[in-house]
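Given next are the chains, with one letter for each unit.
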Amino acid sequence: MDPNDAFSAAHPFRWDLGPPVHAAPPPPPPPPPPLPLAPPADAPRELEDLVAGYGVRPSTVARISELGFTASTLLGMTERELDDMMAALEGVFRWDVLLGERFGLRAALRAERGRVMSLSAGGRFQAGSAMDAASQEGLSDDRDAAASGGMADGETGRRAVAGKKQAKKGAPARKGKKARRKNVGELRPLDVLEDEDEGGGGGSESESSAGGGGERQREHPFVVTEPGEVARAKKNGLDYLFHLYEQCRVFLMQVQSMAKLAGQKSPTKVTNQVFRYAKRCGASYINKPKMRHYVHCYALHCLDEEASNALRRAYKARGENVGAWRQACYAPLVEIAARHGFDIDAVFAAHPRLAIWYVPTRLRQLCHQARGAHDAAGLAPPPPTMF
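Let me begin by describing the structure that accompanies this report.

So, how was this worked out
Residues numbered from 1 in each chain as written. Predicted model: local features only at pLDDT ≥ 70, side-chain atom pairs only at ≥ 80, totals over all residues. Heavy atoms only, no water. 1 Å grid on protein atoms, 1.4 Å probe; cavity = no way out; pocket = protein on both sides within 12 Å on 5 of 7 lines; lining within 4 Å. Points joined across faces, edges and corners; volume = space filled by probe spheres on them. Helix = DSSP H or I, 4+ residues; strand = E, 2+ residues; numbered from the N terminus. Axes fitted to C-alpha atoms, helices over the stretch in contact; angles between N-to-C directions. Parallel < 35°, antiparallel > 145°, perpendicular 65-115°, else oblique. Contact = heavy atoms within 4.5 Å. Nonpolar A, V, L, I, M, F, W, Y, C, P; charged D, E, K, R; others polar. Core = buried A, V, L, I, M, F, W, Y, C linked by side-chain atoms within 4.5 Å. Buried < 20%, exposed > 50% of the residue type's maximum accessible area, 1.4 Å probe, protein only. Expected span 1.5 Å × (residues − 1). Arc of directions from axis to C-beta. Salt bridge = Lys/Arg side-chain N within 4 Å of Asp/Glu carboxyl O. Left-handed = near helix turned anticlockwise from the far one by under 90°. Disulfide = S-S within 2.5 Å. Phe/Tyr/Trp six-rings, centres within 6.5 Å; stacked < 30°, edge-to-face > 60°.

The next point concerns the layout of surface pockets. The computed volume of the largest pocket comes to approximately 1,100 Å³. Taken together, 28 residues make up the lining of the largest pocket; nearest its centre are D83, R102, R106, R276 and R280. Among the secondary structure elements, those contributing two or more residues to the lining of the largest pocket are helix 5 (79–92), helix 6 (99–126), helix 12 (238–261) and helix 13 (272–280). It is helix 5 that provides the largest number of residues to the lining of the largest pocket, a total of six residues.

Pasting the structure below:
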């Protein structure tokens, strides 16, 4: 036995070390930093990414940002507000916004709106319930039935009730689409479809105004007036009509000068680009349907002003409306074309004020018919007059 063990056993004050003390647990690791929240899929992108690939210069984007505009702001702006913003760029920074940049910015905004709307529509569709899916399926069946020529159940019932009411009132039976088209083609030939203007010349203008979304106000109709006469009672005279064509020529010259300064291709005729520019300048009364409708009347005024004035006086004395006067302007033009080998395109191209306008299809058809009748009669074609 070890003496040390005996001493320690006999000693009254033995030191008890006890069980070993365990080490303190290490502190828990700090939580990881929160990840930055990803922007929602339908959120608009940055302005630089939004206009990438649309021809907008980075310097132009930087100046737009300096004015305080963001992608979200531009997406919520209207066309007029975009024009004001571009005008502010030119006024504040003396910065010339190219024509391609103007259209590129609008195209980028349209594409971004379509992307955001498609993503939003996709999310709503995925979050829909089974009942919504069933209702959508029923609606799609109705749409498919209507598109294929049939009718849905509810539509069939409504049509049946309406058919009974019409039968009681003695209304005629409903005709098919082919029969209606055939009757329309028989009752209204080409010249009537194009030239009918029984409402004082304002038919095409009112239709174009209705199709423009209500931006352009309804204009006063035209009436036949003598040279120098001012129209009365909220009407527009023919001198005013011919003045509009002169304004179109001025707008075309302005568009050509801007295109040359920007190094772009300039139009040689009055196209949709000129009509859009006129509308941006505030001349909303100049529109494509009206100017194309009376272009042959303006051609007669330019080629033979005396004959045009005599025709105006004759129809004013008889109390004819502007539609009949417009129709009568074709015959003198065909006679003028006959003196030049029935080449109406050459007649337009040789005149400085008519070269910027397209030849009306109806006038070209009438010249072609007159040439055919002239050849069938066996008459020698007149020699073309030198311009």
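All chains considered together, the criterion is met by two cavities of 30 Å³ or more. In this structure, the largest cavity encloses a volume near 70 Å³. Lining of the largest cavity is provided by L99, F103, V255, M258, A259, Q273, R276, Y277 and R280. Sorting the residues of the lining of the largest cavity by element identifies helix 6, helix 12 and helix 13 as the ones contributing at least two each. In terms of residue count, helix 13 provides more of the lining of the largest cavity than any other element does, four residues in total. Here the second largest cavity defines a volume of roughly 40 Å³. If you trace the second largest cavity, you find it lined by V56, T60, I64, M85, M86, L89, V97, E101, R102 and L105.

All right, on to the packing of helix 12 against helix 15 (residues 295–303) then. Two numbers describe how helix 12 lies on helix 15: the axes approach to 10 Å, and their chain directions differ by 90°. Classified by the interaxial angle, the pair formed by helix 12 and helix 15 is roughly perpendicular. Between helix 12 and helix 15, the contacting residues are F242, Y245 and E246 on the first element and V295, C297, Y298 and H301 on the second. Among the residues forming the contact of helix 12 with helix 15, the class breakdown is five nonpolar, one polar and one charged.

So, on to the nonpolar core. Counting residues in each nonpolar core, the largest one holds 47 residues, and the members touching the most others are W325, W357 and L363. Looking at this core element by element, the count peaks at nine residues for helix 12. Sequence-distant contacts of W357, defined by excluding residues within four places in its chain, comprise Y245, C248, K269, V270, M291, V295, Y298 and F348. In terms of nonpolar packing, the next biggest core, distinct from the first, is built from 19 residues, L47, L74, M86 and V97 among them.

Let's shift gears to helix 5. The α-helix winds at 3.6 residues per turn, so residues separated by three or four positions along the chain end up facing the same way. Across its 14 residues, helix 5 extends 20 Å between first and last C-alpha, which sits within 8% of the 20 Å expected from 1.5 Å per residue. Within helix 5, burial applies to L82, M85, M86 and L89. Along the axis of helix 5, the buried positions cluster into a sector of 95°, meaning they face one direction only. Residues of helix 5 that are exposed and point over 90 degrees away from its buried face: R80 and V92. Among the residues trailing helix 5, R94 stands out with phi positive, at a value near 55°.

Two side chains bearing opposite charge may form a pair once their charged atoms approach each other closely. Per the stated rule, a full pass over the model turns up nine salt bridges. Notably, a salt bridge pairs R57 with E101, separated by 2.7 Å at the nearest N-O pair. One end of the pair, R57, is in the loop between helix 2 (47–50) and helix 3 (58–66); the other, E101, is in helix 6, with 44 residues separating them in the sequence. Take E101: its relative accessible area is 3%, and that puts it in the buried class. Across the salt bridge formed by R364 and D345, the nearest N and O atoms sit 2.8 Å from each other. Of the two residues, R364 sits in helix 20 (residues 361–376) while D345 sits in helix 19 (residues 344–350), which places them 19 residues apart along the sequence. Given a relative accessible area of 34%, D345 falls into the partly exposed group. Salt bridges sharing partners connect three or more residues here, namely E79, D83 and R106.

With that settled, the discussion passes to helix 16 (residues 305–318). With 14 residues, helix 16 extends 20 Å from end C-alpha to end C-alpha; this agrees with the ideal 20 Å at 1.5 Å per step. All buried positions along helix 16 are accounted for by S308, N309, L311, R312 and Y315. Along the long axis of helix 16, the arc covered by the buried residues comes to 160°, so they all point the same way. Along helix 16, exposed side chains directed more than 90 degrees from the buried face belong to E306, A317 and R318. The secondary structure elements touched by the buried residues of helix 16 are helix 12, helix 15 and helix 17 (322–328). After helix 16 finishes, the residue G319 shows a positive phi value of roughly 75°.

All right, on to the packing of helix 18 (residues 330–338) against helix 20 then. Running from N to C, helix 18 and helix 20 point in directions that differ by 55°, and their axes come no closer than 10 Å. The orientation of helix 18 with respect to helix 20, classified from their angle, is oblique. Relative to helix 20, the crossing made by helix 18 is right-handed. Facing helix 18, whose interface residues are Y330, L333, V334 and A337, helix 20 presents R362, L363, L366, C367 and A370. Class assignment for the residues of the contact of helix 18 with helix 20 results in eight nonpolar, no polar and one charged.

Let us look at the state of the cysteines. One pass over the structure, following the stated rule, counts zero disulfides. Lacking any disulfide linkage, C297 is separated from the closest cysteine sulfur, that of C329, by 3.8 Å.

This part is about the packing of aromatic side chains. In the structure shown here, the tally under the stated rule is seven aromatic pairs. Each ring, one from F222 and one from Y294, has its centre 5.7 Å from the other, and the planes form 70°; the classification is edge-to-face. With F222 in the loop between helix 11 (203–211) and helix 12 and Y294 in the loop between helix 14 (288–293) and helix 15, this residue pair connects regions lying 72 residues apart in the sequence. You'll find F222 and Y294 in the same group, each marked buried. Note on F242 and Y298: the rings are 6.3 Å apart at their centroids and 45° apart in plane angle, and the pair reads as tilted. In this pair, F242 is assigned in helix 12 and Y298 in helix 15, connecting sequence segments 56 residues apart.

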